[in-house]
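# Reading the structure
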Amino acid sequence: MVQYLQIASRARTELIDITAQVGELVRKSGVSSGVCHLFSLHSTGAITINEGADPAVRSVISRFLSSLVPVDGPFSHGEGNSDAHVKTSLVGPSETVIIEGGRILLGTWQAIFFCEFDGPRTRKVAVRISADD
Amino acid sequence: MVQYLQIASRARTELIDITAQVGELVRKSGVSSGVCHLFSLHSTGAITINEGADPAVRSVISRFLSSLVPVDGPFSHGEGNSDAHVKTSLVGPSETVIIEGGRILLGTWQAIFFCEFDGPRTRKVAVRISADD
Amino acid sequence: MVQYLQIASRARTELIDITAQVGELVRKSGVSSGVCHLFSLHSTGAITINEGADPAVRSVISRFLSSLVPVDGPFSHGEGNSDAHVKTSLVGPSETVIIEGGRILLGTWQAIFFCEFDGPRTRKVAVRISADD
């Protein structure tokens, strides 16, 4: 069964920690061992996993991408968000996390982020939890 | 069961929309709920998901990567395609898409692309469809 | 069931071929058809799949990333490894490979690499093998 996370971004470029929401869906599913697929349904938003403890890390990633792919670069896509499409393909729209002991298996410092590249907007991430075979 | 998509690229760098072929394999599989793993069997070709409606988007991504990783950069790999290997690791060789209601679950503007970085060539993408548990 | 690969890196930035270890876990699992999820439990290390035959390729990727994201860039994360976090989100922390005929399905030249971006350290990669439905 597919469920959806609703995410309200507040800036044009922003990494939003969605670990707690994903963890809550996994807990409610009752699945103790399996995998959880996360899929951003947008072409200007991505999903990544990186350090969640120090907020400076998400800011570093966001600012690095903004400087690597400038919003006013020599792009031809007419909507003015070409940079957001490029960033989405660099980071990628999905992640698969392992479920073990009823919880998402993450390293000590890892958190799951939705990467907003063309906000502020309301976004949807599809979540599919598969139980063990 | 693994199936294969054959893809004939026509340029050195090119994003090729394979959404229809993937959708057809999913339809024929009869799987209504599950996931579909896509895996490029090449080290100079990747898979991404981005906007399919405006062809300018795939061109923007392709041209950005070409300027970020120039073909004549200071690389030591002797085959002259070092840039293609780098681009492949930046974009990634695989994607996992969710199947729901017998169809691939994609956002309104999303399409699945094979990214050719060292064409023209004939390429193979492995497709594995897993039914719901 | 989740298993873990232990990886000892010896340089700050390094791509380490883990194909044989992953293949051995798949072989021991006895699974003939399925998928294998690989997940780096670190926010300064990633997983990629690229050419394994010519060692120059992994060196090209490593050196390109080091020049793209310099260690002494204008970053604010206090631990001095901001570049490693950025590289991790560009390459991605996980891969899913298909198992077919009891073996990992890879292209002729493909190998699986753990990407160390803040070594030398001892690292852990979670491996979850799912049998066919």
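The paragraphs below set out a description of the structure included in this document. (Residues numbered from 1 in each chain as written. Chains lettered and ligands numbered in written order. Predicted model: local features only at pLDDT ≥ 70, side-chain atom pairs only at ≥ 80, totals over all residues. Heavy atoms only, no water.)

### Digging into helix H3 (residues 82-91) of chain B
Among the 10 residues in H3 of chain B, 10 count as buried, and that is most of the element. Buried residues of H3 of chain B: Ser 82, Asp 83, Ala 84, His 85, Val 86, Lys 87, Thr 88, Ser 89, Leu 90 and Val 91 of chain B, and no others. (Buried < 20%, exposed > 50% of the residue type's maximum accessible area, 1.4 Å probe, protein only. Helix = DSSP H or I, 4+ residues; strand = E, 2+ residues; numbered from the N terminus.)

### With respect to the relation of the copies chain B and chain C
The two copies are related by a screw motion: chain B maps onto chain C through a turn of 120° and a shift of 0.0 Å along the axis, at an RMSD of 0.0 Å. Taken together, the turn and the small shift mark the pair as related by a three-fold rotation axis. Considering only C-alpha atoms, the residue of chain B closest to the rotation axis is Leu 90 of chain B, which sits at 3.4 Å. Looking at chain B, a mere 16% of its interface residues are interface residues in chain C too, so the copies touch through different faces. (Least-squares fit on C-alpha atoms with pLDDT ≥ 70 in both. Contact = heavy atoms within 4.5 Å.)

### Topic: the packing of aromatic side chains
By the definition in use, this model includes zero aromatic pairs over all chains. Its guanidinium or amino end placed over the ring of Tyr 4 of chain B, Lys 124 of chain B lies 4.6 Å from that ring's centre, counting from NZ or CZ. (Phe/Tyr/Trp six-rings, centres within 6.5 Å; stacked < 30°, edge-to-face > 60°. Lys NZ or Arg CZ within 6 Å of the ring centre and 35° of its normal.)

### Observations regarding the interface of chain B and chain A
The interface is formed by 32 residues belonging to chain B together with 32 residues belonging to chain A. The tally of links between chain B and chain A comes to one salt bridge. The salt bridge partner of Arg 128 of chain A is Asp 132 of chain B, with a shortest N-O separation of 2.6 Å. Counting across the chain B and chain A interface gives 10 residue pairs in polar contact (both at pLDDT 80 or more). (Salt bridge = Lys/Arg side-chain N within 4 Å of Asp/Glu carboxyl O. Polar contact = N/O pair within 3.5 Å; in protein donor to acceptor, adjacent residues only side chain to side chain.)

### A short note on the relation of the copies chain B and chain A
Relative to chain A, chain B is turned by 120° and slid 0.0 Å along the rotation axis, the superposed coordinates differing by an RMSD of 0.0 Å. The share of interface residues of chain B whose copies in chain A are also at the interface is only 19%, consistent with the copies meeting through different surfaces.

### Focus: the interface of chain B and chain C
Every contact between the two is made by 31 residues of chain B and, on the other side, 32 residues of chain C. Here chain B meets chain C over a buried area of about 2,400 Å², counting both sides, of which 59% is carbon and sulfur. Broken down residue by residue, the surface that chain B buries against chain C is led by Phe 39, Ser 89 and Arg 128 of chain B, which jointly contribute 25%. Run the count over chain B and chain C and you get one salt bridge. Across the chain B-chain C interface, the total number found is 10 residue pairs in polar contact (both at pLDDT 80 or more). Broken down by secondary-structure element, the contributors of at least two residues to the side of chain B that touches chain C are strand E1 (2-8), strand E3 (33-40), H3, strand E5 (94-100) and strand E8 (122-131) of chain B. (Buried area = accessible area lost by both parts, 1.4 Å probe.)

### Notes on empty space enclosed by the protein
In this approach, a probe sized like a water molecule rolls over the atoms, and the result shows the empty space that is left. This model, assessed by the stated rule, comprises two cavities of 30 Å³ or more. Reported here for the largest cavity is a volume of approximately 310 Å³. What lines the largest cavity is a set of 23 residues, among which Ser 94 and Glu 95 of chain A, Ser 94 of chain B together with Ser 94 and Glu 95 of chain C lie closest to the centre. When residues of the lining of the largest cavity are traced back to their parent elements, those giving at least two are helix H3 (82-91) and strand E5 (94-100) of chain A, H3 and E5 of chain B together with strand E3 (33-40), helix H3 (82-91) and strand E5 (94-100) of chain C. Residue composition of the lining of the largest cavity, grouped by class: 10 nonpolar, 10 polar and three charged. (1 Å grid on protein atoms, 1.4 Å probe; cavity = no way out; pocket = protein on both sides within 12 Å on 5 of 7 lines; lining within 4 Å. Points joined across faces, edges and corners; volume = space filled by probe spheres on them. Nonpolar A, V, L, I, M, F, W, Y, C, P; charged D, E, K, R; others polar.)

### A few points about unusual backbone geometry
Note that the residue after Gly 119 of chain A, namely Pro 120 of chain A, is joined by a cis bond; omega there is -5°. If you trace the backbone, Pro 120 of chain A turns up in the loop between strand E7 (110-116) and strand E8 (122-131).

### A closer look at the sheet that holds strand E7 (residues 110-116) of chain B
Residues and elements named next belong to chain B. Strand order in this open sheet of three strands is E2-E7-E4, and the pairing throughout is antiparallel. Only two strands of the sheet have a single partner each, and these edge strands are strand E2 (14-17) and strand E4 (45-51). On average, each strand axis in the sheet is tilted by 35° relative to the strand beside it, whichever way the strands run. Relative to E7, E4 is paired through seven bridges, and the arrangement is antiparallel. Opposite Gly 45, over in E7, you have Glu 116 as the bridge partner. Strands E2, E4 and E7 of the sheet are contacted by helix H2 (residues 55-68), whose axis makes an angle of about 145° with E2. This element, H3, spans E4 and E7 of the sheet and lies at about 50° to E4. (Pairing = 2+ DSSP bridges. Axes fitted to C-alpha atoms, helices over the stretch in contact; angles between N-to-C directions.)

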